[in-house]
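Report on the structure
For reference, the chains in residue letters:
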Amino acid sequence: MKVQLRYFASIREALGTGSESFDTQAGTLAALRAELVERGGAYADALAPGKSVRVALNQTMSDEGAALTDGAEIGFFPPVTGG
């Protein structure tokens, strides 16, 4: 299935892009993140397991067990602090 990926803040900076279309076989957000980590390089560093990353599915913050659908929009966010 094809999904639209959006990257924000330090993740966007690390990957050098704010968005991309991506063909995936993943059924969940967790499986998608694992596919991206398998790309290696900056993806493996920015989205590594255990690294604090928030994920939105179709503009709703979601846990990584959420199911993907064709055409979904997924956003990856680093943790945010305010002051």
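These notes cover the structure that comes with them. Numbers given to residues run from 1 along each chain, matching the order in which its sequence is written. Given that the model is predicted, a residue must reach a pLDDT of at least 70 before its local features are reported, and side-chain atom pairs must reach 80 or more before they are shown or counted; all residues, however, enter totals for whole chains, interfaces and linings. Only hydrogens and water are set aside when side-chain values are computed; all heavy atoms of the structure are taken into account.

Strands are runs of DSSP state E lasting at least two residues, helices are runs of H or I lasting at least four, and both sets are numbered from the N terminus onward. Along the chain, the regular secondary structure elements total three helices and five strands. Helices and strands in the chain line up, N terminus first, as β-α-β-α-α-β-β-β. Note on method: radius of gyration uses C-alpha positions; expected globular size equals 2.2 Å times residues raised to 0.38. Scaling as 2.2 N^0.38, a compact globule of 83 residues should have a C-alpha radius of gyration of about 12 Å, and the chain matches this with 12 Å. Each of the three principal axes of the chain carries a C-alpha extent, and together these read 40 × 25 × 20 Å. Out of the 83 residues in the chain, the part that is buried amounts to 36%. Of the contacts formed within the chain by residues at least 6 apart in sequence, a portion of 48% connects residues at least 24 apart. Using a 1.4 Å probe, accessible areas were evaluated by the Shrake-Rupley method; residue-level cover was limited to the displayed protein chains. Put simply, the chain shows about 4,600 Å² of open surface, and 50% of that area lies on carbon and sulfur atoms. In the chain, 7 side chains carry a positive charge and 10 a negative one; their mean positions are 6 Å apart. When accessible area is computed with a 1.4 Å probe and restricted to protein chains, residues below 20% of their type maximum are described as buried, those above 50% as exposed, and intermediate ones as partly exposed. Two residues qualify as a contact provided that any one of their heavy atoms is within 4.5 Å of a heavy atom in the partner residue. By the counting scheme adopted, Arg and Lys are positive, Glu and Asp are negative, and His together with the chain ends is not counted. In this description, the location of a charge corresponds to atom NZ of lysine, CZ of arginine, CG of aspartate or CD of glutamate.

Further remarks concern the environment of Y43. Considering the arrangement of structural elements, one finds Y43 in helix α3 (residues 41-46). Separated by 10 residues in sequence, Y43 and R33 have C-alpha atoms that sit 9.2 Å apart. Apart from the residues within four sequence positions on either side, Y43 is in contact with Y7, L15, T17, E20, L36, V37 and A48. As used in this structure description, the phrase polar contact means that two N or O atoms lie within 3.5 Å; if the pair is within protein, one of them must be able to donate a hydrogen and the other to accept it, and residues adjacent in sequence are counted only when both atoms belong to side chains. Side-chain polar atoms of Y43 contact the side chain of E20, separated by 2.9 Å.

Consecutive side chains of a regular strand alternate in pointing toward one face of the sheet and then the other. For two strands to count as paired, DSSP must find a minimum of two bridges between them. Judged from the four bridges that link them, strand β3 (residues 54-57) and strand β5 (residues 73-77) form a sheet pairing that is antiparallel. Across the sheet, A56 pairs through a bridge with G75, a residue of β5. Note: β3 against strand β4 (residues 60-62), three bridges, orientation antiparallel. Counted as the bridge partner of L57 is T60 from β4. In this structure, the hairpin formed by β3 and β4 is closed by a connection of two residues, where N58 is found at a positive phi of approximately 50°.

Our next topic: the sheet that holds strand β2 (residues 19-23). Within a sheet, each strand pairs with its neighbour through backbone hydrogen bonds, oriented either parallel or antiparallel. Ordered by their spatial adjacency, five strands build an open sheet running β2-β1-β5-β3-β4, and the pairing between neighbours is mixed. The sheet is open, and its two edges are formed by β2 and β4, each paired on a single side. Across the sheet, the mean angle separating the axes of adjacent strands is 30° when strand polarity is ignored. Direction of pairing for strand β1 (residues 2-7) relative to β5: parallel, over a ladder of four bridges. If you follow L5 over to β5, its bridge partner there is I74. For every element, the axis is a line fit to its C-alpha atoms; helices are fit only across the contacting stretch, and the angle between N-to-C directions ranges from 0 to 180 degrees.

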